[in-house]
Amino acid sequence: QVQLEEAGGGLVQPGGSLRLSCAASGIIFSIGDMGWYRQQPGKQRELVAVITSGGSTNYADSVKGRFAISRGSAKNTVYLYMNSLKPEDTAVYYCNAALSLYGSTGYNNYWGQGAQVTVSS
């Protein structure tokens, strides 16, 4: 019924840039906050960046000044622009969205399938 489809990611050298995108589709009535999380091997999933429906943003300290999150004009797409990438940014990146569906009440969290980002020379 609902899908968060991620695109982007891959292998990049230190100092390089990548863009991730995530599009929400399905029987969606309303979209709240959207964000990106990442999970490194052996570690818990952590917040990278979040953007509210009103456009307010928040970033993990480790990516401030290097990453930027934005939403598309249709508001169902979220982007993560990653610059000055470091080897420690290597992780699987997951899209997250708070969605309210037709026929249901309230918002629930949904996740994308994950995109591998590898920063290595």
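See above for the structure.
Structural notes, computed from the coordinates. Position numbers for residues start from 1 in each chain and track the written sequence from start to end. Residue-level local features of this predicted model are given only where pLDDT is at least 70; pairs of side-chain atoms are given and counted only at 80 or more, and the full residue set underlies all totals for whole chains, interfaces and linings. To obtain the side-chain values, all non-hydrogen atoms of the structure were included, while hydrogens and water were left out.

Our focus in this paragraph is the packing of aromatic side chains. Centres within 6.5 Å are what make two rings of Phe, Tyr or Trp a pair, Trp counting through its six-membered ring; a difference in plane orientation under 30 degrees is then read as stacked, over 60 as edge-to-face, and the rest as tilted. Evaluated as defined, the whole model comprises three aromatic pairs. Ring geometry for Phe29 against Tyr102: centres 5.3 Å apart, planes inclined by 75 degrees, an arrangement best described as edge-to-face. Taken together, the residues Phe29 in strand β4 (residues 28–39) and Tyr102 in the loop between β9 (91–101) and β10 (108–111) connect sequence positions 73 residues apart. The pair Phe29 / Tyr102 is uniform in exposure class, with both members exposed. Taking 6.2 Å as the distance between ring centres and 35 degrees as the angle between the ring planes, the aromatic pair formed by Tyr79 and Tyr81 counts as tilted. A helix here means a DSSP run of H or I that spans at least four residues, while a strand means a run of E at least two residues long, and both kinds are numbered starting from the N terminus. For each residue, the accessible area found with a 1.4 Å probe, counting protein chains only, is set against the maximum for its type, and the residue is called buried under 20%, exposed over 50%, and partly exposed in between.

To form a nonpolar core, buried Ala, Val, Leu, Ile, Met, Phe, Trp, Tyr and Cys residues must be joined to one another through side-chain atoms within 4.5 Å. By size, the foremost hydrophobic cluster in this structure holds 31 residues, and its most contacted members are Trp36, Leu80, Met82 and Tyr93. For this core, the secondary structure elements donating two or more residues are β3 (18–26), β4, β5 (46–51), β7 (67–71), β8 (77–82), β9 and β11 (115–119). With six residues, the single largest contributor to this core is β9.

Here the focus is the pattern of salt bridges. The salt bridge criterion pairs a side-chain nitrogen of Lys or Arg with a carboxyl oxygen of Asp or Glu, the two atoms within 4 Å. All told, the structure shown has four salt bridges when counted by the stated rule. When the shortest N-O distance is used, the salt bridge between Arg38 and Glu46 registers 2.8 Å. Among the residues examined, Arg38 registers a relative accessible area of 4% and is labelled buried. On the basis of relative accessibility, which here comes to 33%, the residue Glu46 falls in the partly exposed class.

Time to look at the sheet that holds β7. Adjacent strands of a sheet form backbone hydrogen bonds with each other and so pair up, either parallel or antiparallel. When DSSP finds two or more bridges between two strands, those strands count as paired. Spatially, the four strands line up as an open sheet ordered β1-β3-β8-β7, and their pairing is antiparallel. Where the open sheet ends on each side, the last strands, each with one partner, are β1 (2–8) and β7. Across the sheet, the mean angle from the axis of one strand to that of its neighbour is 15 degrees, orientation sign disregarded. Of the strand pairs in this sheet, β7 and β8 are connected by five bridges, and their pairing is antiparallel. Within β8, the residue paired with Arg71 across the bridge is Val78. Every axis in this analysis is a line fitted to C-alpha atoms, fitted for helices over the stretch in contact. Angles between the N-to-C directions lie between 0 and 180 degrees.

In short, the description is geometric, and any link to function would need to be established separately.
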